[in-house]
Amino acid sequence: TGKEKWPRGEEKVWIDGTRGLDTDVPSITKSFVNHVHTSLARQAYNLDDFGAYQAAALSVRDDLIINWNDTQLHFTRKSPKRAYYLSLEFLMGRTFDNALLNLGLKEKYNDGMTKLGFNLEDLLEKERDAGLGNGGLGRFSGLLPGLKRKPGIANGSQLEAPDPWLEHDNPWELPRADVSYEVRFYGHSERLDGMKAIWSGGQEVLAMAYDTMVPGYDTKNTNNLRLWETGDYERALESSNSAAAITSVLYPNDHTSFGKELRLKQQYFWTAASLADIIRRFKNIDKPITEFPEYVAIQLNDTHPTLAVPELMRILLDDEDLPWDTAWNIVTNTFFFTNHTVLPEALENMLFLQAVEKKFPGDREKLARMSLIEEGFPQNVRMANLAVIGSRKVNGVAELHSELLKATIVKDFVDFYGQSKFFNVTNGITPRRWLDQCNPGLSNLISETLQIPKGVFLKDLYKLEGLLKYVDNPTFQKKWAAIKQSNKERLAHYVETTLGFKINTHAMFDVQIKRLHEYKRQTMNIFGVVHRYLTLKAMTPAERKKVNPKVVFFAGKAAPGYYIAKLTIRLIVNVARVINVDPDTKDLLSLFFLPDYSVSLAEILIPASDISQHISTAGTEASGTSNMKFCLNGGLLVGTVDGANIEIAEEVGESNVFFFGHLTPAVEDLRYQHMYHPVPIEEKCPALAQALNEISSGTFGDGGVYEPLLNTIRQNDYYLLTEDFDSYIKALALVDEAYQDRTEWIKKSISTSAKMGKFSSDRAIQDYAQECWNIESSKLT
Ligand code: BZD
């Protein structure tokens, strides 16, 4: 019944049994050896690095589980309001190093592993990234074990294969056979007079929970990431659809959706399981259902989990038997909605709706525009409208994006509800992973210089402003530069071991890493590289001597069905093949597309960058978060006036960023011009035309294969490369010039990092806690 006295037996014996584990080095090595012998059933003579990683991970996991249990108990006893983050993507990266740092155990494990004959850094490298997400949105939430496409590069093109994350037992994830719910698909529902509604028939699928512990920094609080997998049974009553299919593929497309029915089933499966779980927990506290929003806040990560809105309605109406108004009032005080993009193709059904509008032109009435259901054949549900109507508040992820949202996608709703429902939370990044973990040298230097323990600035990133006092201090500048240099060497070592190329680490390192997408304009970057190559080729040897050597890095994945994005990868790889071996230029310009982009690879690339590129067409990148990561690590930014670039410039000062390109208000007009008054590219932008022609002429191989990509620019150029290319090249020239004066450059680097306080995820989470969830921190002591 759940009402028995607990613990059973003698309470003291239970309490002694659950005291915290000892964390001195001998206890750590003892626990490690114990796991080798028992959990892994191996011994010292047959233990390789991977086995040692597993044993060490299991040993740290014991600490996490104890903290996690204490956290659960603490919250169960206090029953405070809880915030739930519903997302279909969680891009977590590695757990081991993060757990060691957050628990403050890294040095002790280092000592312990050394004593046992292992090198902790080697063991950390054995962990696979948990990559249940595509890009920024997934990283921000960063569901279940499933297959994900894993691109590598084969023969110049993107190679796709299942993610090896699932090949080995994952020590960080606990299967919860005891936590499962039945999720129903199809069937029919009926309500007999005076009775509750009953939904029966169709297909029942079991959702089983998998839990991952997520430790906080410098606290015992350890939260839970709960993922759902289809269970090992299914009862197909009216349908033969396979349940296993629901969780076997993580849709690898960002900003587009496809496989409509399966995708919809996934969205329902995950949200229904999560809601059942939330309701069960709420019921444990014995409060009337009308108080639900006082105990539960649910944040929707974009429109993907929007089905939670009608599902909660169904539960309240059918299972709880509430009247419609009461139910709707609960729903609209529980949900909050974050939008991550204004790109039309990401708004479910938008493409179809545009087609409908083309076919049936004419003014459509406001009501029709705001309807949840798009009338037509077939009818469509507008997920974004549903998310807006069903939520208490709606936010964008950077100032400009939140403004654009109000002016475009949700304009009619702003007229209806007023401004106060809509607000902004600028994204943030965690300084634990994106400073301390990826750049320990820099983190140590900051601690030593500011004479404060790391814990202080890692919890209050505004403390970095203290570095401004040292900007002009030559000793500090030298130390700062030395750390950048060693991070560049670490990256060079990585490139040498993975691609077999030696890199000049005194060259400027220029990095662009993000999903491949036309709006992000990796194309502009590669055309810029071709332009630079052609310029170098045309120089005399004496002229070349004055040129700053530069290494350009790309990394990122393309959605498997995104032809132009994949062609861009192919072009980058083939340009690299030519220029990296050209004796005239290879010392001055080289180019790498690093395969297998992941959070862990980003942790190597970001600390090594001198400059990074964030060059989306103005108004298209909602925020971007890697821009923040680079700047925090002292890399400067070349970018358009878009997304969070704008707020970064506000913080660090415009003189420390390299801005170029048209502004958002101009974009619409320019697109109109392109459409109705096209000007040949040779006239509009000869430098770009020359680069495109060189590619067409076969200099970089592959015959005419790039034509479809090149034609996107020659023809309607939706992302306006021809408008921005000249100012882009000028911005890169300014970067070169600035890099010549190394002392000034280092000053810029220090001043940039020092002003990144605003971009801590702690500030972003605090904003959500205040504006939406109405919760306060409840810390375990
Ligand atoms: O979200 C990304 C934006 O493009 C970035 O600018 C932003 O920094 C991050 C975090 O807020 N958006 C996405 O990743 N969006 C999607 O993947 C997506 C996919 C389908 C439908 C809607 C959004």
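Treat the numbers as computed from the prediction; the structure is a model and nothing was measured.

How each quantity is defined
- Residues numbered from 1 in each chain as written.
- Predicted model: local features only at pLDDT ≥ 70, side-chain atom pairs only at ≥ 80, totals over all residues.
- Buried ≥ 20, exposed ≤ 12 C-beta atoms within 10 Å, placed from the backbone.
- Helix = DSSP H or I, 4+ residues; strand = E, 2+ residues; numbered from the N terminus.
- Pairing = 2+ DSSP bridges.
- Axes fitted to C-alpha atoms, helices over the stretch in contact; angles between N-to-C directions.
- Parallel < 35°, antiparallel > 145°, perpendicular 65-115°, else oblique.
- Left-handed = near helix turned anticlockwise from the far one by under 90°.
- Contact = placed C-beta atoms within 7 Å.
- Nonpolar A, V, L, I, M, F, W, Y, C, P; charged D, E, K, R; others polar.
- UniProt positions renumbered as here; feature names shortened; annotations may be inferred.
- Arc of directions from axis to C-beta.
- Right-handed = clockwise from strand over helix to strand, strands pointing away.

Colleague: I'd like a description of the pairing of strand E2 (residues 90-93), backed by residues and values.
Modeller: The side-chain alternation of E2 yields two buried faces, one formed by Phe90 and Met92 and the other by Leu91 and Gly93. As paired elements, E2 and strand E3 (residues 130-132) share 3 bridges and run antiparallel to each other. Residue Phe90 lies in a different strand from E3, and its bridge partner there is Leu132.

Colleague: Tell me about the packing of helix H8 (residues 260-283) against helix H10 (residues 308-319), residues and numbers included.
Modeller: Axis separation between H8 and H10 bottoms out at 10 Å; the angle between their running directions is 45°. Put simply, H8 runs oblique to H10. The way H8 lies across H10 gives a crossing that is right-handed. The residues of H10 that touch H8, namely those facing Thr271, Ala272, Leu275 and Ile279, are Ala308, Glu311, Leu312 and Ile315. A breakdown of the residues in the contact of H8 with H10 according to their chemical character gives 6 nonpolar, 1 polar and 1 charged.

Colleague: Requested: an account of the UniProt feature "modified residue: N6-(pyridoxal phosphate)lysine" (unreviewed entry) in the protein chain, with residues and values cited.
Modeller: Using the residue numbers shown here, the UniProt feature "modified residue: N6-(pyridoxal phosphate)lysine" (unreviewed entry) corresponds to Lys629. Of note, Lys629 is situated in helix H25 (residues 626-632). Judged by C-beta crowding, with 28 C-beta atoms within 10 Å, Lys629 ranks as buried. If we skip the residues at most four places from it in the chain, Lys629 touches Ile429, Trp434 and Ile606.

Colleague: Let's hear about the sheet that holds strand E16 (residues 422-424): which residues, and what values?
Modeller: Strand order in the open sheet formed by 5 strands is E1-E11-E12-E15-E16, with parallel pairing between adjacent strands. The open sheet terminates on both sides in strands that have one partner only, identified here as strand E1 (82-86) and E16. With strand direction ignored, the average angle separating the axes of adjacent strands in the sheet is 25°. The sheet contact formed by strand E12 (residues 335-338) and strand E15 (residues 391-396) spans 4 bridges and is parallel.

Colleague: Residue-level account of helix H5 (residues 106-115), with values.
Modeller: In an α-helix, one turn spans 3.6 residues, which is why side chains three or four residues apart end up on the same side. Where H5 is concerned, the buried positions are Tyr109, Gly112 and Met113. Projected onto a plane normal to the axis of H5, the buried residues spread over an arc of 95° and lie on a single side. Among the exposed residues of H5, those oriented more than 90 degrees off its buried face are Glu107 and Thr114. Immediately downstream of H5, the backbone of Gly117 shows phi near 90°, a positive value.

Colleague: Describe the pairing of strand E21 (residues 636-640), listing the residues and the values that go with them.
Modeller: Of all the 5 residues making up E21, 5 are buried; the element is thus mostly covered by neighbouring parts of the structure. By the alternation rule, side chains of E21 split into Leu636, Val638 and Thr640 and Leu637 and Gly639, which are all buried. Of the strand pairs in this sheet, strand E20 (residues 611-614) and E21 are connected by 4 bridges, and their pairing is parallel. Across the sheet, residue His614 finds its bridge partner in E21, namely Gly639. Of the crossover connections in this fold, the one passing from E20 over H25 to the parallel E21 is right-handed. Taken together, the 4 bridges between E21 and strand E22 (residues 657-660) define a ladder with parallel strand orientation.

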